[in-house]
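The chain contents come next:
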Amino acid sequence: MVEPYDIFEYDVLIVGAGGAGLRAAISAKEAGCSVGVICKSLLGKAHTVMAEGGVAAALANMSSPDGAKEPDGWEVHFVDTMKGGAFLNNWRTVEIFTKEAPERVLELEQYGAVFDRTPEGAIAQRPFGGHKYRRLNHVGDRTGLELIRTLQDKAVGTGMNVHMEVTLTKLLLNDGRVVGAFGYYRETGKLVVFKAKAVVLATGGWGRMYRFTSNSWEGTGDGLMMAYEAGAELLDMEMIQFHPTGMIWPPSMRGILVTEGVRGEGGFLKNKNGERFMFNEDYTPALYKGQFAEEPEEGLRWLEDKKNNRRPPELLPRDVVSRAVYREVQAGRGCEHGGVYLDVTHRGAGYILKKLPSMHEQFHALGNLDITKEPMEVYPTVHYTMGGVRVSPEECATTVPGLYAAGEVAAGLHGANRLGGNSLSDIMVFGKRAGDAAAAFAKTQNSHGTIDESQIETELNTLLDPLTATEGENPYAIHQELQEEMQKNCMIAKTEEGLTHCLETIISLQGRAKRLKMSGGRIFNPGWHAARDVRFMLRTSEVITRCALLRKESRGAQWRIDYDHLDNEYWGKHNLISQKDGDAVKIEARLLDPLPPHLKVLFEETK
Amino acid sequence: MEKVTIKVFRGTPEEGEISTYETPTFPGMVVLDAIHYIQQNLEPSLACRWNCKAAKCGSCSAEVNGHPKLMCKSSIEEYPSGEITVTPLKTFPLVKDLVTDVSWNYRVSSRIPPLVPKPDAAGKPFNMQQIDVERVQEFRKCIECFLCQDVCHILREHDRTDAFYGPRQMVKLASLDMHPMDNLDRKESIKNDGGVGYCNITKCCTEVCPEHIHITDNAIIPLKERIADEYYDPIQGLLRKIGIIKRTTKQPFDSVPNEQTTVHSAR
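Each chain carries its own residue numbering, running from 1 in the direction its sequence is written. Numbering of ligands from 1 and lettering of chains from A proceed in the order in which they are written. Given that this is a predicted model, residues contribute local features only at a pLDDT of at least 70 and side-chain atom pairs are listed and counted only at 80 or more, while totals for whole chains, interfaces and linings are drawn from all residues.

**Overview of the overall build of chain B**
Cut-off, in case you're wondering: Put simply, DSSP marks the helices as runs of H or I at least four residues long and the strands as runs of E at least two long, and each gets a number from the N terminus on. Residue pairs are scored as contacts if the distance between their C-beta atoms, which are placed from the backbone, is within 7 Å.
The helix and strand tally for chain B stands at ten helices and ten strands. A principal-axis box enclosing the C-alpha atoms of chain B has dimensions of 70 × 40 × 35 Å. Contacts in chain B between residues far apart in sequence, at least 24 positions, make up 66% of those at least 6 positions apart.

**Notes on the overall build of chain A**
Condition: Every radius of gyration here is taken over C-alpha atoms, with the globule rule written as 2.2 Å times N^0.38, N being the number of residues.
Within chain A one finds 16 helices and 19 strands. Since a compact globule built from 607 residues should have a radius of gyration of about 25 Å, the 23 Å found for chain A is in line with a globular shape. The principal-axis extents of the C-alpha atoms in chain A amount to approximately 75 × 50 × 50 Å. Looking at chain A alone, contacts between residues at least 24 apart form 74% of all its contacts between residues at least 6 apart.

**Structural notes on the packing of helix α1 (residues 19-30) of chain A against helix α11 (residues 422-444) of chain A**
All names here are of chain A. Note the threshold: For helices, the axis comes from a line fit to the C-alpha atoms of the stretch in contact; other axes are also lines fit to C-alpha atoms, and the angle between any two N-to-C directions lies between 0 and 180 degrees. Helix crossings fall into two classes, left-handed where the near helix is turned counterclockwise from the far one by less than a right angle and right-handed where it is turned clockwise. Gly is placed with the polar residues, together with every amino acid not listed as nonpolar (Ala, Val, Leu, Ile, Met, Phe, Trp, Tyr, Cys and Pro) or charged (Asp, Glu, Lys and Arg).
Running from N to C, α1 and α11 point in directions that differ by 35°, and their axes come no closer than 7 Å. Pair α1 / α11 crosses with right-handed handedness. Contacts between α1 and α11 involve Gly19, Ala20, Gly21, Arg23, Ala24, Ala25, Ile26, Ser27 and Ala28 on the former and, on the latter, Leu424, Ile427, Met428, Phe430, Gly431, Lys432, Ala434, Gly435, Asp436, Ala438 and Ala439. In terms of residue class, the contact of α1 with α11 is built from twelve nonpolar, five polar and three charged.

**Comments concerning the nonpolar core**
What counts here: A set of buried residues drawn from Ala, Val, Leu, Ile, Met, Phe, Trp, Tyr and Cys, joined through C-beta atoms within 7 Å, is what defines a nonpolar core. Any residue surrounded by 20 or more other C-beta atoms within 10 Å of its C-beta is treated as buried, while 12 or fewer makes it exposed and the intermediate range makes it partly exposed; C-beta atoms here are placed from the backbone.
Ranked by internal contacts, the top residues of the largest apolar core, which has 268 residues, are Val12, Val199, Val200, Tyr404, Ala405, Ala406 and Ala438 of chain A. Looking at which element gives the most residues to this core, the answer is helix α15 (residues 526-550) of chain A, with twelve residues.

**Describing helix α5 (residues 222-229) of chain A**
Residue and element names in this part refer to chain A. The buried fraction of α5 is high, at seven of eight residues. Listed in full, the buried residues belonging to α5 are Asp222, Gly223, Leu224, Met225, Met226, Ala227 and Tyr228. In the segment just after α5, Gly231 is the residue with positive phi, at about 105°.

**Points about the domain arrangement of chain B**
Frequently, the measure chosen for interface size is the accessible area removed from exposure when the parts meet. All names here are of chain B. What counts, and what does not: By convention here, the domain bounds are inherited from an automatic or database domain assignment.
Domain parsing of chain B yields domain 1 (3-100) and domain 2 (103-253). When each unit is reduced to the centre of its C-alpha atoms, the spacing between domain 1 and domain 2 is 32 Å. Here the side of domain 1 that touches domain 2 is built from residues that sort into five nonpolar, three polar and three charged.

**A few points about the sheet that holds strand β5 (residues 136-137) of chain A**
Residue and element names in this part refer to chain A. For the record, the criterion: Two strands are counted as paired when DSSP detects at least two bridges linking them.
Judged by pairing direction, the sheet is antiparallel, and its three strands sit side by side in the order β3-β5-β4 without closing on themselves. Of all strands in the sheet, those with a lone pairing partner are β3 (55-56) and β4 (125-126), marking the two edges. Of the strand pairs in this sheet, β4 and β5 are connected by two bridges, and their pairing is antiparallel. Counted as the bridge partner of Arg126 is Leu136 from β5.

**Looking at the domain arrangement of chain A**
Residues and elements named next belong to chain A. Domain annotation for chain A reports domain 1 (6-241 + 383-444), domain 2 (245-380) and domain 3 (463-570). Put simply, the middle of domain 1 and the middle of domain 3, counted by C-alpha atoms, are 25 Å apart. Facing the 31 residues of domain 1 at the interface are 28 residues of domain 3. Secondary-structure elements contributing two or more residues to the side of domain 1 that touches domain 3 are β7 (166-174), α5 and β11 (240-247). Ranked by residues supplied to the side of domain 1 that touches domain 3, first place goes to α5 with three residues. Within the side of domain 1 that touches domain 3, the residues separate by chemical class into 15 nonpolar, ten polar and six charged.

**Here we look at the confidence of the model for chain B**
For clarity, the cut-off: Scored from 0 to 100, pLDDT reflects the predictor's confidence in each residue.
Scored by pLDDT, chain B has a mean of 95; 99% of the residues are at 70 or more. The ipTM assigned to the predicted complex is 0.96, against a pTM of 0.97.

**Section: the environment of Gly54 of chain A**
Residue and element names in this part refer to chain A. Tracing the sequence through the fold places Gly54 in the loop between β2 (35-38) and β3. Separated by 71 residues in sequence, Gly54 and Gln125 place their C-alpha atoms 8.2 Å apart. Setting aside residues up to four positions removed in sequence, Gly54 forms contacts with Arg126, Phe128, Leu136, Asn137, His138, Thr143, Gly261 and Gly421.

**Observations concerning the pairing of strand β1 (residues 3-11) of chain B**
The two faces of the sheet receive side chains in turn, since in a regular strand these alternate between them. Residue and element names in this part refer to chain B. Inspection of the sheet shows β1 paired to strand β2 (residues 16-24) by nine bridges, in the antiparallel sense. Looking across to β2, one finds that Lys7 is bridged to Thr20. Count of turn residues in the β1/β2 antiparallel hairpin: four residues. By the bridge criterion, four bridges tie β1 to strand β5 (residues 83-87) in an arrangement that is parallel. When the sheet's bridge partners are listed, Lys7 is paired in β5 with Thr85.

**Details of the pairing of strand β18 (residues 574-581) of chain A**
Residue and element names in this part refer to chain A. The pairing of strand β10 (residues 234-235) with β18 spans two bridges and is antiparallel. Bridge pairing links Leu235 to Ile577 in β18. Alignment of β18 against strand β19 (residues 584-591), held across eight bridges, turns out to be antiparallel. Bridging from a neighbouring strand, Leu576 pairs with Ala589 of β19. Counting the residues between successive antiparallel strands, the hairpin from β18 to β19 contains two residues, one of them, Gly582, with a positive phi of roughly 65°.

**So, unusual backbone geometry**
Along the chain, Trp249 of chain A connects to Pro250 of chain A via a cis peptide bond; the corresponding omega equals -5°. The topology assignment puts Pro250 of chain A in the loop between β11 and α6 (261-264). Located in the positive-phi region is Ala55 of chain B, a residue other than glycine, with phi close to 60°. Turning to its location among the elements, Ala55 of chain B is positioned in the loop between α1 (31-42) and β3 (61-64).

**Focus: the sheet that holds β19 of chain A**
Residues and elements named next belong to chain A. Across the sheet, which stays open at both edges, the five strands sit in the order β17-β15-β10-β18-β19 with mixed pairing between neighbours. At either margin of the open sheet sits one strand with a lone partner, and together these are β17 (410-411) and β19. The pairing of β10 with strand β15 (residues 388-390) spans two bridges and is antiparallel. The residue of β15 that forms the bridge with Leu235 is Gly388.

**So, the interface of chain A and chain B**
Each partner contributes residues to the interface: chain A has 59 residues there, and chain B has 57 residues. Counting only elements with at least two residues in the side of chain A that touches chain B, the list comes to α3 (91-111), α4 (143-158), β6 (161-163), α10 (357-366) and α15 of chain A. Among the residues forming the side of chain A that touches chain B, the class breakdown is 27 nonpolar, 20 polar and twelve charged. Two strands pair when backbone bridges link them, and β6 of chain A and strand β10 (residues 262-264) of chain B are joined in this way by three bridges, in the parallel orientation. By the bridge assignment for β10 of chain B, Asn161 of chain A is matched with Thr262 of chain B.

Right under this line is the structure:
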């Protein structure tokens, strides 16, 4: 007998209230559906709020000093995104994305977002890693805040039910279809069931299994694992993005993000000898040879004249820059605290305060450092997950009927490495599409599916056993051990030996995590919440590690130092698909769709 | 300082007390680090909110030695005595330990309609100059930490949540009212629903704002002036009557349908 629980019924249930979830909610409501939105935190605190640099969309608003417009367009954005993702991306997803991103950004302005302006009065765009032209529409360095607040206000103004501080742990199935979700209120620990005709998963990424990450406590892989448990296929799980510039000092701030906008606004990366090491030609991959400045002087001229000079190599994609930073530190050329220097002082205090105000505040308040006068110390930090739930490009449908996914939890757009700024446009383009598709699906359903109490009972036992157990382990201790192991052996540079060790540790921790114990009651008890989270994280880590072991090559974020080459013959043509198979993980390499001629030709045209 | 003494309120609305913990220190340590240390090593059930730990999300609001602060932005070094007391926001109903029920703020916020673009700007890219949006951009820096709501004496001492939206929502109203493309006549709502007249400009809200928004000077006072011009200035009233000052061409506030949004909290 299950204890009593609240029941809410919606046409469309949106799980997650970051940019993707809120955009989906707006669409589903505008399509005439009743909508419930689940926030794990308070409304507006989701990870979107931490995005800084900008939202990528080829609006082509920027001109050179002679007045000529930069010839940007979806085609160039397409080529940049595919190259940045090392061609592991789903081309159709990228095509839809680059075509629709400008429309979504302009729509955001109609909703109330206030972007920085060009002298002509249009939305201002800044350069960013891997983007050929200035393409990041921005508000200083707090673009994510602008985006989430705008979508939050619009969503609330559109009319829906928002459930704050609810943690969902289980998708409920009926006859293979998703019919709802189960979880608890964080505030009271009481249980709640949401019945829905369609569910949109927009739960973001997972980085908390690493010691140093820019992710908040929420990034535990719970949404991903709910989909996995429901039978959904996962894609590219080995692809974890290491952002090249995380804070490294003071220790309290280790892992916190320093926006790529610093480099976009002309920041230098330097080693302890003062060399701009990105100009070391070994660091520029063959794919990008000849497209970046080869001398620092050209990089300096580019700041003023973007038409006649090439971008500095600090603006190579994130995977490339992260590897270079790692190599500099390994070679003994790192700074005092084990990172490298990021220096923007040459841009002058006035410019920095205008364009990078929150970076200035962040270092001033938390790092006791004035970035207008001194260089920052940075090192790669776990930032983003390119992998996730496999979805159809047009409808964001997962392989489970009734379940849709959008944003970071979904996979396919970014391939092996995401370009900065593409995530904010991702969540709007595919948030809208997921909301539309879920609403259309909900309308084909005459009634809500039946809830199977036995599914709730099983999950409830898993949830409550740490509180009733007489003995067991502390989930925080297991979490810390997992973080140390992942940080050591599943980080930026991977080996067979390290990954094997990592997998063994994870499996042993999974055994120990079967018996957890936590004190305190159910009212807002973070220790109890941690117990469920650590189980999600362990399974997610297992899938990541297994995939990283299987992909015996280096591509994008996956850098195997024992297979330090691109294998275009085999791995360049295959994605790894993971799926639940009883208690085991089934992983298969599946052939990618080849690029169709109308997109292949773009690589010739935009050279 | 190798160790710091953290006194934290532990309890529920029914009962509670200050508990004392000792935590080790490390360079750059902030109060939130100390709370995390306690959670992970001493008292796992200690409740607090946090997300970004970089002063961007506004979740970890609390009162540190009696001052409303973001715990992630309160350096241990600011408290050389080595003793720090952390208590929940006083203005909002307690849930447990450092967590309070702030859902009222969201319910109020949902009564403020979002931007309604002017007819000639609807559906196409806005043309706006940087200088014209700068003031609005200042307001939009707000991270909704609700420290200003916590310190506002209309809400804190007089409990007038029925009459005054509070500084956070004044900032939101100002960001819409001063948006060059907004076409909604919000004055009556600012006066009657928002209760802008209740603010008596003590500037406490401005002092605690972690985003350094000039809440009183740049948001509330201009809103008050607009209301005074519209409703209380006899000369302007006369000039309006005889047509020298044109009446607003913005669309009336109640022309926007009030969509039913419910913000649930568990209790």
